[in-house]
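Understanding the architecture of this molecule
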Amino acid sequence: MNKIDILITGVGGQGTILAGKILGQLALNANLDVKMAETHGMAQRGGSVITHVRLGEKVYSPLIPLGAADFLLSFEQLETMRWLPYLRRGGTIIYHTRSLAPLPVLCKQMSYPAHIPEQLDALEVQVIPVTGENTPVEKNPRVLNITLLGVLSKHLPFKQEQWLEALENTVPPKFLDLNKEAFLAGQSL
Amino acid sequence: MKVILSGNEAIARGAYEAGVTVATAYPGTPSTEILENLATYPGVNCSWCPNEKVALEVAAGASLGGARVLVAMKHVGLNVAADPFMTLAYTGIEGGLILVCADDPGMFSSQNEQDNRYYARMAKVPMLEPADSEEARLMVKEALDISEKFDTPVLLRTTTRVSHSRSIVNVEDEPSRAIRPYSKKAAKYVMLPAFARLRHEEVEKRRKRLIDFATTHPMNIIEKGSSELGIITAGVSYHYAKEAFPEASFLKLGLSYPLSPELIKDFASQVKKIYMVEELEPLLENDIKAMGIKVHGKDLLPRTGELRPEIVAQGWQKNIWQGVNAPATEKLPGRPPLFCPGCGHRGALYTLKRLKLTVTGDIGCYTLGALPPLEAMDSCICMGASVGTAFGMEKADPSAWQKTVAVIGDSTFLHSGITALMDVVYNKGKTTVIILDNGTTAMTGHQDHPATGQTLQKEPTYAVDLEALVRSLGVSRVRVENPLQLDAFRQAVKEELSVPEPSVIIARYPCALKQRLQNEPPLVVKENCIGCKACLGIGCPALSLEETGPAEDQGLTVAIDEDICNGCNLCTQLCRYGALQPGEGKGETK
Ligand SMILES: Cc1ncc(C[n+]2csc(CCOP(=O)(O)OP(=O)(O)O)c2C)c(N)n1
């Protein structure tokens, strides 16, 4: 299998680390090498966070080189724009269309960038917007990370059972059903 | 068995497998999870200490008592522990002792990016540098063996990208745990000058033996590739360089101090050019240049910030990765971290801003109050500095005490604020100190400390009485206030600033993220809102102005995001028009 680089971006508290852990487990179960790099500490308090995930036969750097990511999996529009330079030419963007205003916007010091979907569409890459409509995300924003993994799963060479097994290995039992439902909803979009 | 572990989890695993029975630390990103994880293994006595100096001293005692010991801290923590560390290098150890220090190149969560590899050189103590989680696990074991073999503490240096990256680890079996019996050796452990002189000679002999040891050490690896380019590197930089120059020859130093000239010269003779790939300071580079070997390094690579694969490639004029033509990102609104909804710090710092005070600050979540919109902090140097800094300003300008306050968190006060407050009292200061007591070490992820009443291993214990502690230092004006009651808090600050003696205000409100106390959100009465933005001055992420629409011809009015509002009612105290009215305070736990 060729190496796959996935950059997961979002806002502190949205679960980028858990999404990364599930991808890592998936790779481990498939006998692949995997490395991940995460944001911890101060930046987690509602700040911009990213998780690098790299899987393949042999992975060296835990950081994806700038301009090398195959996938940008983004939980928020503005963060999609911020981390776009990581995406390689011909890569794929899967992003949640909801916008979360950062402090400078809430305080009306700056405005939230306009026309993000149009700007993304203008790039020569595959763009997959996810609104979350008709998925468990509508009721529970916390499962957004898993739903987006469901969308991503259609682009990666793993079977559904492998994904569900990785979920079972990673998610606490009491949230497993909810998360499986969210994953399958994402997969069927 | 293969599992995925972060670097920090792997260090804990390695310590467990190596038979460590005592471990100490003070939290600090990126090192915190080491002890949090080790505490989950059976048979290891793990504790949070009030600061890093104490942690290392307890560790030194445990080693003297015959146990294998691990002590962990972030890079700046070793400054605090430097005093025992430098002399521990002379005494040596009984049970193996490993000091894990986690550097933070790039300053993701730190006030500086000092390069702790200097400490190995200063103390003449061997240093190992893992590049990923499996190496971290193995190097903990190796470090403890080296410690016992050479009678020395050993440094294991990680960086944020090692501590907080995950990769595959082979876990091994549980070890046997043996304690060496204690026997008195005063000439080795009592560092009087006469004894210390002898020990320093021993340290020098040890250093020379370690150089020989490094020559053939299996963690110093030569990977033969092209003879055109040789790369000398250590830690995670190895992986960046491997990504950028898969064809090159490599000398990867696992035991990165002391260096073996024999090994380096051997490698240098096999390649035409040498590229030193190391983060921060040119330490390996300078040592190797001093051996008379010509290398490139900091002439091509930055001396600040962390390295990344593309930086290593570009340093050697190589462009490998082709990104999309992304629109410029510099002008995008930033997303700085901020106080959580319901955080008591917000009320305290808002008050200090309104009173236009000079605020000497400290390190913790409350340091975020230096950022807009609060911008209520004038200085922040290191943990514990706020109190001394405020007192110093008062010495420079004798009227400063009336308009200056020190703010310091509860964990930070216990870490290193107490002695400075003692100085204020002893040297007749008039300083006002606000201890922001949220009942936890929040910034690093809610660790217990000596005033929380619980240990790292979740046992109930005595909780330091902050009021009594402060009084015992000689501060007679001590009061406890709720920082979210703005009027009363403001009054308290004004009163304490007006008296010419030291005072301490304990601003007590539990951390919102930890306690998850949840009241009803305020009631928004749209008709009353005139869009004055007074409420936005507190920087609460639950508050925003929304367009009410041209139909109503009203412009912007306040809105509350009920999903994230914590119902702390701070904003309702700022609204003079009745647009935000207190919600019901049931104090339910979410
Ligand atoms: C010497 C040193 N050790 C550790 C740290 C990491 N650190 C920064 S602030 C902090 C404690 C914060 O706790 P507290 O003072 O209670 O404030 P809070 O975050 O709870 O508001 C720690 C452990 C550091 N910066 N310097």
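Every value quoted in this text rests on a predicted model; they were computed, and no experiment measured them. (Residues numbered from 1 in each chain as written. Chains lettered and ligands numbered in written order. Predicted model: local features only at pLDDT ≥ 70, side-chain atom pairs only at ≥ 80, totals over all residues. Heavy atoms only, no water.)

1. Overview of the sheet that holds strand β13 (residues 273-277) of chain B
Residues and elements named next belong to chain B.
- Reading across from one edge, β9-β11-β10-β13 is the order of the four strands in this open sheet, with mixed pairing throughout. At either end of the open sheet lies a strand with only one pairing partner, and these are β9 (220-223) and β13. Going across the sheet, the axis of each strand differs from the next one's by a mean of 15°, ignoring polarity.
- Alignment of β9 against strand β11 (residues 248-253), held across four bridges, turns out to be antiparallel. Within β11, the position partnered with Glu-223 by the bridge is Phe-250. (Pairing = 2+ DSSP bridges. Helix = DSSP H or I, 4+ residues; strand = E, 2+ residues; numbered from the N terminus. Axes fitted to C-alpha atoms, helices over the stretch in contact; angles between N-to-C directions.)

2. Some points on the pattern of salt bridges
- Considering all chains together, one arrives at 50 salt bridges over all chains under this definition.
- For Lys-3 of chain A, the salt bridge goes to Glu-243 of chain B, with nearest N and O atoms at 3.2 Å. Note that Lys-3 of chain A is positioned in the segment before β1 (4-11) and Glu-243 of chain B in helix α11 (residues 237-244), a pairing that runs across two chains.
- Between Lys-318 of chain B and Glu-247 of chain B there is a salt bridge; the shortest N-O distance is 3.8 Å. Residue Lys-318 of chain B is located in the loop between α14 (309-315) and α15 (344-354), and its partner Glu-247 of chain B is located in the loop between α11 and β11; the two are separated by 71 residues in the primary sequence.
- For Lys-318 of chain B, a relative accessible area of 25% puts it in the partly exposed group.
- Overlapping salt bridges bring together Arg-13, Glu-17, Glu-134, Arg-137, Lys-141 and Glu-172 of chain B as one network. (Salt bridge = Lys/Arg side-chain N within 4 Å of Asp/Glu carboxyl O. Buried < 20%, exposed > 50% of the residue type's maximum accessible area, 1.4 Å probe, protein only.)

3. Describing the state of the cysteines
- A full pass over the atoms with the stated rule returns zero disulfides over all chains.
- Its sulfur unpaired, Cys-107 of chain A is 9.7 Å from the next cysteine sulfur, which belongs to Cys-535 of chain B.
- Residue class for Cys-107 of chain A comes out buried when judged on its relative accessible area of 13%.
- Here Cys-565 of chain B is not cross-linked by a disulfide; its sulfur's nearest cysteine counterpart is in Cys-571 of chain B, at 6.4 Å.
- According to the relative accessible area criterion, Cys-565 of chain B is buried, its value standing at 8%. (Disulfide = S-S within 2.5 Å.)

4. Details of the site of the ligand
All names here are of chain B.
- The environment of the ligand is made up of 26 residues, and the closest members are Glu-52, His-345, Asp-410, Thr-412 and Ala-442.
- Asn-438 places a polar side-chain atom, nitrogen or oxygen, 2.9 Å from an oxygen atom of the ligand.
- Within the complex, 98% of the 590 Å² of free accessible area of the ligand lies under protein.
- When residues of the shell around the ligand are assigned to their parent elements, the largest contribution, four residues, is made by helix α17 (residues 410-426).
- Within the shell around the ligand, the residues separate by chemical class into 10 nonpolar, 13 polar and three charged.
- Mapping the shell around the ligand onto the domain boundaries places at least three of its residues in each of domain 1 (2-212) and domain 3 (344-508). (Near = heavy atom within 4 Å. Polar contact = N/O pair within 3.5 Å; in protein donor to acceptor, adjacent residues only side chain to side chain. Areas by Shrake-Rupley, 256 points an atom, 1.4 Å probe, with all protein chains shown as cover. Nonpolar A, V, L, I, M, F, W, Y, C, P; charged D, E, K, R; others polar. Domains from an automatic or database assignment.)

5. Regarding the nonpolar core
- Membership of the largest hydrophobic core comes to 62 residues, with the highest contact counts inside it found for Leu-352, Phe-413, Leu-421, Ile-434, Ile-435, Val-493 and Leu-543 of chain B.
- If you tally residues by element for this core, the top one is α17 of chain B, at five residues.
- Split by domain, the residues of this core number at least three in each of domain 3 (344-508) and domain 4 (523-581) of chain B.
- In contact with Leu-543 of chain B, other than residues within four places in its own chain, are Leu-106 of chain A together with Cys-535, Leu-536, Ile-538, Val-558, Ala-559, Ile-560 and Cys-571 of chain B. (Core = buried A, V, L, I, M, F, W, Y, C linked by side-chain atoms within 4.5 Å. Contact = heavy atoms within 4.5 Å.)

6. Points about helix α10 (residues 193-215) of chain B
- Between the first and last C-alpha of α10 of chain B there are 33 Å, a value that for 23 residues agrees with the 33 Å anticipated at 1.5 Å per step.
- Within the sequence span of α10 of chain B, burial applies to Ala-196, Arg-199, Val-203, Arg-206, Leu-210, Phe-213, Ala-214 and Thr-215 of chain B. (Expected span 1.5 Å × (residues − 1).)

7. As for the packing of helix α1 (residues 16-29) of chain A against helix α6 (residues 160-170) of chain A
Residue and element names in this part refer to chain A.
- Interaxial distance between α1 and α6 falls to 8 Å at its minimum, and their mutual angle equals 120°. Between α1 and α6, the angle falls in the class oblique. By crossing handedness, the relation of α1 to α6 is classed as right-handed. Where α1 approaches α6, its residues Leu-18, Lys-21, Ile-22, Leu-23, Gln-25, Leu-26 and Asn-29 are matched on the opposing element by Gln-162, Trp-163, Glu-165, Ala-166, Leu-167, Asn-169 and Thr-170.
- For the contact of α1 with α6, the residue count by class is seven nonpolar, five polar and two charged. (Parallel < 35°, antiparallel > 145°, perpendicular 65-115°, else oblique. Left-handed = near helix turned anticlockwise from the far one by under 90°.)

8. Here's the deal with the interface of chain A and chain B
- Contact with chain A, which involves 58 residues of that partner, is made by 60 residues of chain B.
- Taken together, the two surfaces of chain A and chain B that pack against each other cover about 5000 Å², and 63% of this comes from carbon and sulfur.
- Summed over the shared surface of chain A and chain B, the result is six salt bridges.
- Joining chain A to chain B, the criterion identifies 16 residue pairs in polar contact (both at pLDDT 80 or more).
- When its residues are assigned to classes, the side of chain A that touches chain B shows 33 nonpolar, 11 polar and 14 charged.
- As defined by bridge partners, strand β2 (residues 33-37) of chain A adjoins strand β8 (residues 165-170) of chain B across three bridges and the pair is classed as antiparallel. Of the residues in β8 of chain B, the one forming a bridge with Lys-35 of chain A is Ser-167 of chain B. (Buried area = accessible area lost by both parts, 1.4 Å probe.)

9. Remarks on the packing of aromatic side chains
- Summed over the entire model, instances satisfying the criterion amount to nine aromatic pairs over all chains.
- One aromatic cluster is present, formed by Phe-158, Trp-163 and Phe-183 of chain A through successive ring pairs. (Phe/Tyr/Trp six-rings, centres within 6.5 Å; stacked < 30°, edge-to-face > 60°.)

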